[in-house]
Amino acid sequence: MDKQTIAQSMAAYREAMIQATVALCAIPSVKGRPETGAPFGLETKKSLDAFLALGADLGFTPVDLDGYCGYLDWGVEGPITAVLGHLDVVPAIDGWSHDPFSPIVTDDKIIARGTADDKGPLVSALYALKALKDEGFVPKGRIRLIAGLDEESGSACMHHYSEVAELPSAGFTPDASFPVIYAEKGIAHIKIQLKSQPGQSFSRPDGHGQVLLAAVAGQRANMVPARCDLTWQDDQGHVTTETYAGKAAHASLPWEGHNAIGVAMATAAQRPGAHPMVQLYQALIADDWTGQALGVAGQDSSGPLTLNPGVLKLDLERGSLILDIRYPASWQVDTILARMTAAVAPFQATVELVSHTPPLVGDPGRPLVKTLMAVYNRMTGANQVAIAIGGGTYARAMPNIVAFGPSFPGEPDVCHQVDEFITIEKLLASAAIYREALRELAG
Ligand SMILES: [Zn+2]
């Protein structure tokens, strides 16, 4: 069956699902300042309240876990089959063709931050439950739809969940791609740092000519930065800031973006008075996302190592560049750190591991993976096998969960991007697949 045919079985819920997606995406649930009862900011809490109210209206039992996350329960006892999604979103900064938090509904899609990642998919899962309920299906045990509020910044929401709530026995997260993802690469955020000698700066030793005073780019290492600002001082002492543009993309797919840091560094390298980080960048990174010159390139069955220079800060005393590195699931992060330390040493720079998510080493033969693969192949008529990927999915945040959809093979990756959207067909088709998956897992 094609997507359109699969979507048809959810057509009765089309309007309600669009409304629900629009309502959730109108809340700018970017992580914010902690408040009482809202550890990730008031807007994230507002999105949770709205989601739990939607589910309660459909007959499921809402539970708020101290503003960290929440869930909707169907059934009162027995093992939990879970669907795990998230309501927090990444910031929407430059380049949107309209307000990213005023959703636009066209004939075939909904456009707003969070439509694809991950509010739309949560709505698909919610209506999968609703459709089963309307049919008179009774789950064996419980079905729990969990909504986290900190997926984009380290999943502290799920640490809290595992401290205070019961873990599921099986389930999936609709926060990636079809078919089933059984293994995920390791993710290391590694900072390359440079410091000037005590009492000195990186300005030109003769005190004359043009000097790069500062550079700044990127908010989060897990995005390809779309903008880099360089501030120069000329030999008359005039200060000007130049902005370089790139194209944003998810850090696990660096080839889909165009890194603004790379554009800016290539220009800066042409001029005298550039910061030593500029030379380091040109020698060790430049336009290469494979890590060749850093000595870390390579691959295994989970795919190649990828590298994204995500956050840059330079001034006259120091420089720091945070790289988002996705490394093959069979590798060790210590090896990567050792090789990078050696590569940056000639530039008097150091490396530091700022955050690390170990790889998810999975088994394509486990029953959960086989069941979901069978549902997917049956519904789509495909004959696919479970895959390994470079993106870190929410599946790492909770045991017994694998990533399953909602992006279909061949669809563009719009998560974290300008003018993020979900097609209504995808919203409905993934709901139909989730409905059948839950029927199998909880039937
Ligand atoms: Zn997500």
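Computed from a prediction, not measured in an experiment: that's the story for all the values here.

(A) The coordination of the zinc ion, seen in detail. Distances from the zinc ion to its protein donors, H86 (NE2), D117 (OD), D175 (OD) and D175 (OD), fall within 1.9 to 2.6 Å. Spacing between the donor residues of the zinc ion along their common chain follows H-x30-D-x57-D. You can see H86 sitting in strand 3 (residues 80–86) and its partner D175 sitting in the loop between strand 7 (170–173) and strand 8 (176–177), a full 89 residues away along the chain.

(B) The arrangement of the pairing of strand 9 (residues 180–184) in detail. In terms of burial, strand 9 is a largely internal element, five of the five residues being buried. As judged from the two bridges shared by strand 9 and strand 20 (residues 401–404), these two strands associate in the antiparallel manner. Within the sheet, the bridge partner assigned to V180 lies in strand 20 and is F404. Direction of pairing for strand 9 relative to strand 19 (residues 387–389): parallel, over a ladder of three bridges. Note that in strand 19 the partner of A183 across the bridge is A388.

(C) Main features of helix 5 (residues 156–164). The set of residues buried in helix 5 consists of C157, M158, H160 and Y161. Across the axial projection of helix 5, the buried residues extend over an arc of 155 degrees, all falling on one side. Every exposed residue of helix 5 that faces more than 90 degrees away from the buried side is listed here: H159 and E163. Elements that come into contact with the buried residues of helix 5 comprise strand 1 (61–65), strand 2 (69–74), strand 3 and strand 6 (142–148).

(D) Here's a closer look at the domain arrangement of the chain. The domains assigned to the chain are domain 1 (3–183 + 361–442) and domain 2 (186–357). A separation of 34 Å is found between the C-alpha centroids of domain 1 and domain 2. At the boundary of domain 1 with domain 2, total buried surface from both sides reaches about 1400 Å², with 52% on carbon and sulfur atoms.

(E) Expanded view of the packing of aromatic side chains. Applying the stated criterion to the full structure yields 13 aromatic pairs. A ring pair is formed by Y71 and Y161, whose centres lie 6.3 Å apart and whose planes are at 70 degrees; its orientation type is edge-to-face. Residue Y71 is found in strand 2, and its partner Y161 is found in helix 5; the two are separated by 90 residues along the sequence. Both residues of the pair, Y71 and Y161, count as buried. Ring centres of W74 and F137 lie 6.1 Å apart, and the angle between their planes is 65 degrees; this geometry places the pair in the edge-to-face category. Note that W74 is positioned in strand 2 and F137 in the loop between helix 4 (115–135) and strand 6, a separation of 63 residues in sequence.

(F) Summary view of the pattern of salt bridges. Under the defined criterion, the tally for this structure stands at 20 salt bridges. K3 is paired through a salt bridge with E411; the nearest N and O atoms lie 2.6 Å apart. Here K3, found in helix 1 (residues 3–8), pairs with E411, found in the loop between strand 21 (406–407) and strand 22 (421–423); they are 408 residues apart in sequence, far enough to count as distant. The exposure class assigned to K3 is partly exposed, which follows from its relative accessible area of 26%. Across the salt bridge formed by D229 and R227, the nearest N and O atoms sit 3.1 Å from each other. Take D229: its relative accessible area is 15%, and that puts it in the buried class.

(G) Quick look at the sheet that holds strand 4 (residues 104–105). Here three strands make up an open sheet; going across it, the order is 4-5-22 and the pairing antiparallel. Each having just a single partner strand, strand 4 and strand 22 make up the two edges of the open sheet. In terms of strand pairing, strand 4 meets strand 5 (residues 109–111) through two bridges, oriented antiparallel. Bridge pairing links I104 to I111 in strand 5. Across the face of the sheet, helix 10 (residues 424–442) comes into contact with strand 4, strand 5 and strand 22 while running at roughly 65 degrees to strand 22.

Parameters at a glance
- Residues numbered from 1 in each chain as written.
- Predicted model: local features only at pLDDT ≥ 70, side-chain atom pairs only at ≥ 80, totals over all residues.
- Heavy atoms only, no water.
- Donors = N, O, S within 2.8 Å, 3.2 Å for Na, K, Ca; no water.
- Helix = DSSP H or I, 4+ residues; strand = E, 2+ residues; numbered from the N terminus.
- Buried < 20%, exposed > 50% of the residue type's maximum accessible area, 1.4 Å probe, protein only.
- Pairing = 2+ DSSP bridges.
- Arc of directions from axis to C-beta.
- Contact = heavy atoms within 4.5 Å.
- Domains from an automatic or database assignment.
- Buried area = accessible area lost by both parts, 1.4 Å probe.
- Phe/Tyr/Trp six-rings, centres within 6.5 Å; stacked < 30°, edge-to-face > 60°.
- Salt bridge = Lys/Arg side-chain N within 4 Å of Asp/Glu carboxyl O.
- Axes fitted to C-alpha atoms, helices over the stretch in contact; angles between N-to-C directions.

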